[in-house]
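# Coordinate inspection notes
Spelled out, the chains give:
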Amino acid sequence: MRYVLSGRRFARWGTAAMVAALVVGAGACSKSGAGGGGSPTGNASNSGAVAIKGDIAFNDANLAKLDAALKKALAGKDLSKLRQAMVVNVSVDYWNAGKVGFTKGLADLKVKGTYQAPANGRLDQQLSIIQTLLGQGITGLSVSAIDPTAIKSPIASADKAGIPVLAIDSPLPKEDGAALYLGTPNYQAGRKAGEAMKQALGGKGQVVVLVGSLTASNAVERIQGFEDALKGSDVKVVQKLSDNMDASKALSNAQTAIQTNANVNGLYGVYSYDGPSAGQAVQTAGRTGKIKIISDDSDPQTLKFVKSGVIQATVLQQPYQQGYTGAYLLAALKVLGKDATLKLVKPYLESDGTTLSSGVGLVTQANLADYQAKLTRMGIG
């Protein structure tokens, strides 16, 4: 889904050992979340299409090591006065796993905290929530910002008050005051989606992008990665349609795109509800298998469409990790200080020096069962 360690889903076991055990079963994991966690699945209805290989390793192994390091560094420290907050960009199923992870992190730390989300993804609601929390004496804030410019003032207020801010899900500009970004490397996620689309279409076609915002940094980065992956092929993006985080508008956009351009044979759904909207539009039009869909996130309806073959693949994030590790990072930033915390985090950062990846996965019809079993072991389902 998409939005200071910054950061769109899933649960963590709560101990490094349990995470490591699962990762061993899922396959090797790199800092960027690459790895082989699934069997290939084909798209036989499209001539020239090749198998799309799934991947569910994410970045679990590295985050388990970091969690352990943070826990050790915080051992014996007084955490009794901490009160953390996690504020996401919209109230949707995608963030349920993030809430579970955050709640688990708070419990493991034995600190208090609150999770909040604007019901309709409205910027004014998110800003109001944050201002209220700052006035209530929170000691740390993780936020998936709807708008990177509008969030600057609340972050400045937090900094002035000595409240660390962690960007999750969607990165924030360094000048906004975010110490880090914890979440999906969105450009990499977009590239993974673009590569899957090329394979699904056999290297030729016209694609419409469905997205909740054309300005949110995570969306911008994903679309850029998607388009870059298509370079050199005959797959072209012919439209980018914003729905302003309204699922009904996303459905309308998908239906209009299909009806007005008979050459459209691919839809890329960037936000968590865009995939189900695309699937519903394609299914209603009777064009399942003829119009290929690559989506983001693991909305329950998205996974149903993957299982039935309406959606060919979905690119996944780990919101649970953003919640769980985010709770530990907020505690460390407040209690240990920024410099000491960044020293612990540094070995696990991406090459840009500010991104702590929660990993990128890819689920297809072939590895869907493996992924769902993984969620069950993590306590999400």
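The text that follows walks through the structure, step by step, so that each part is easy to find. This is a predicted model, so every value here is computed, not measured. One numbering rule holds for all chains: residues counted from 1, following each sequence as written. Local features in a predicted model are, by the rule used here, given only for residues with pLDDT of at least 70; side-chain atom pairs are given and counted only at 80 or more, and totals for whole chains, interfaces and linings are based on all residues. Just so you know, side-chain values use all the structure's heavy atoms and leave hydrogens and water out.

### Digging into the overall build of the protein chain
Helix and strand assignments come from DSSP, with helices taken as H or I runs of at least 4 residues and strands as E runs of at least 2, each series counted from the N terminus. Within the protein chain, the regular secondary structure consists of 13 helices and 14 strands. By residue count, 57% of the 381 residues in the protein chain fall in the buried class. Computed by Shrake-Rupley with a 1.4 Å probe, the accessible areas treat only the displayed protein chains as cover when residues are assessed. As displayed, the protein chain has an accessible area near 14,000 Å², and 51% of this comes from carbon and sulfur atoms. Each residue's exposure class comes from its accessible area (1.4 Å probe, protein chains only) as a fraction of the maximum for that residue type: buried when under 20%, exposed when over 50%, partly exposed otherwise.

### Considerations on the pairing of strand S4 (residues 112-116)
Note: strand S3 (residues 83-87) against S4, five bridges, orientation parallel. By the bridge assignment, Arg 83 is partnered in S4 with Lys 112. By the criterion used throughout, a crossover qualifies as right-handed when its path from the first strand across the helix to the second strand runs clockwise, the strands pointing away from the viewer. After leaving S3, the chain enters helix H3 (residues 96-109) and then returns to the sheet as S4, a path that is right-handed. In this description, strands pair whenever DSSP reports at least two bridges between them.

### Considering the sheet that holds S3
Read across the open sheet, the six strands follow the order S4-S3-S5-S6-S7-S13; overall the sheet is parallel. Looking at the sheet topology across the chains shown, the edges are occupied by S4 and strand S13 (355-357). If you compare each strand with its neighbour and ignore which way they point, the axes differ by 20 degrees on average. Both S3 and strand S5 (residues 140-143) contribute to a ladder of four bridges, which runs parallel. Bridged to Gln 84 within S5 is Gly 140. Each axis is a line fitted through C-alpha atoms, and for a helix only the stretch in contact is used; angles between axes span 0 to 180 degrees, taken between their N-to-C directions.

### Things to note about the environment of Leu 330
As for its placement among the helices and strands, Leu 330 is situated in helix H11 (residues 319-335). Non-local contacts of Leu 330, meaning those with residues more than four positions away in its chain, are made with Gln 84, Ala 85, Gly 140, Leu 141, Ser 142, Pro 164 and Leu 166. Residue contacts are defined here by distance: any two heavy atoms, one from each residue, within 4.5 Å place the two residues in contact.

### Focus on the pairing of strand S9 (residues 234-242)
Across eight bridges, the pairing between strand S8 (residues 204-211) and S9 is parallel. When the sheet's bridge partners are listed, Val 208 is paired in S9 with Gln 239. In this fold, the crossover linking S8 to S9 by way of helix H7 (residues 217-230) has right-handed handedness.

### Describing the sheet that holds strand S10 (residues 264-269)
The strand order S9-S8-S10-S11-S12-S14 describes an open sheet built from six strands, whose pairing is mixed. Each edge of the open sheet carries a strand with a single partner, namely S9 and strand S14 (361-363). Across the sheet, the mean angle from the axis of one strand to that of its neighbour is 20 degrees, orientation sign disregarded. As judged from the five bridges shared by S8 and S10, these two strands associate in the parallel manner. For Leu 210, the partnering residue across the bridge sits in S10 and is Gly 269.

### Side note on the nonpolar core
In this structure, Met 86, Trp 95, Leu 109, Leu 166, Leu 329, Val 345 and Leu 356 are the most contacted members of the largest nonpolar core, which totals 34 residues. Of all elements in the fold, only helix H2 (60-74), H3, strand S6 (165-168) and H11 reach the threshold of two or more residues within this core. A per-element tally of this core places H11 first, with eight residues. Only buried Ala, Val, Leu, Ile, Met, Phe, Trp, Tyr and Cys residues count toward a nonpolar core, and they belong to the same one when joined by side-chain atoms within 4.5 Å. Formed by 29 residues, the second largest nonpolar core is a distinct cluster that contains Ala 189, Ala 193, Val 211 and Ala 313.

### As for the packing of aromatic side chains
Aromatic pairing here means that ring centres of Phe, Tyr or Trp (its six-membered ring) are within 6.5 Å. Orientation follows from the plane angle: under 30 degrees is stacked, over 60 is edge-to-face, and everything else is tilted. A full pass over the atoms with the stated rule returns five aromatic pairs. Relative to Tyr 273, the ring of Tyr 271 lies with its centre 6.2 Å away and its plane at 85 degrees, an arrangement referred to as edge-to-face. Residues Tyr 271 and Tyr 273 agree in their burial class; the two are buried. What links up through ring pairs into an aromatic cluster is the set Tyr 320, Tyr 324 and Tyr 328.

### Some details on the environment of Gly 212
As for its placement among the helices and strands, Gly 212 is situated in the loop between S8 and H7. By relative accessible area, Gly 212 is classed as buried at 2%. Aside from chain neighbours lying at most four places away, what touches Gly 212 is Ser 242, Asp 243, Asn 244, Met 245, Tyr 271, Tyr 273 and Asp 274.

### Things to note about H11
Turn by turn, an α-helix covers 3.6 residues, leaving residues three or four places apart pointing in a common direction. Take the residue count of a helix, subtract one, and multiply by 1.5 Å to get its expected span. Along its 17 residues, H11 runs 24 Å from first to last C-alpha, staying within 8% of the 24 Å computed at 1.5 Å per residue. Summarising burial for H11: 15 of the 17 residues are buried, a large majority. Two residues or fewer past H11, Gly 337 is found with a positive phi of approximately 100 degrees.

### Considerations on the packing of helix H9 (residues 274-284) against helix H10 (residues 300-308)
In a pair of packed helices, the angle between the axes and the distance between the axes together describe the arrangement. Interhelical geometry of H9 versus H10 gives an angle of 45 degrees and a closest axis separation of 8 Å. Considering their axes alone, H9 and H10 lie oblique with respect to each other. Both H9 and H10 take part in a crossing whose hand is left-handed. Residues Gly 275, Pro 276, Gly 279, Gln 280 and Gln 283 of H9 lie in contact with H10, whose contacting residues are Gln 301, Thr 302 and Phe 305. Any residue outside Ala, Val, Leu, Ile, Met, Phe, Trp, Tyr, Cys, Pro, Asp, Glu, Lys and Arg is labelled polar, Gly included; the first ten of those are nonpolar and the last four are charged. A breakdown of the residues in the contact of H9 with H10 according to their chemical character gives two nonpolar, six polar and no charged. Every angle not falling under 35 degrees, over 145, or within 65 to 115 is termed oblique; those three ranges are roughly parallel, roughly antiparallel and roughly perpendicular. In this scheme the handedness of a crossing depends on how the near helix is turned from the far one: anticlockwise by less than a right angle means left-handed, clockwise means right-handed.

### Things to note about the pattern of salt bridges
By definition here, a salt bridge exists when the distance from a side-chain nitrogen of Lys or Arg to a carboxyl oxygen of Asp or Glu is within 4 Å. Applying the stated criterion across every chain yields a total of nine salt bridges. One salt bridge connects Lys 192 with Asp 55, and the closest N-O pair in it is separated by 3.5 Å. Linking Lys 192 in helix H6 (residues 186-201) with Asp 55 in the loop between strand S2 (52-53) and H2, this pair joins segments that are 137 residues apart in sequence. Owing to a relative accessible area of 23%, Lys 192 belongs among the partly exposed residues under this scheme.

### Details of the environment of Ala 97
Within the secondary structure, Ala 97 is located in helix H3. Taking the C-alpha atoms as reference points, Ala 97 and Leu 375, 278 residues apart in sequence, are found 9.6 Å from one another.

It is worth stressing that arrangement in space is one thing and function is another; only the former is reported here.
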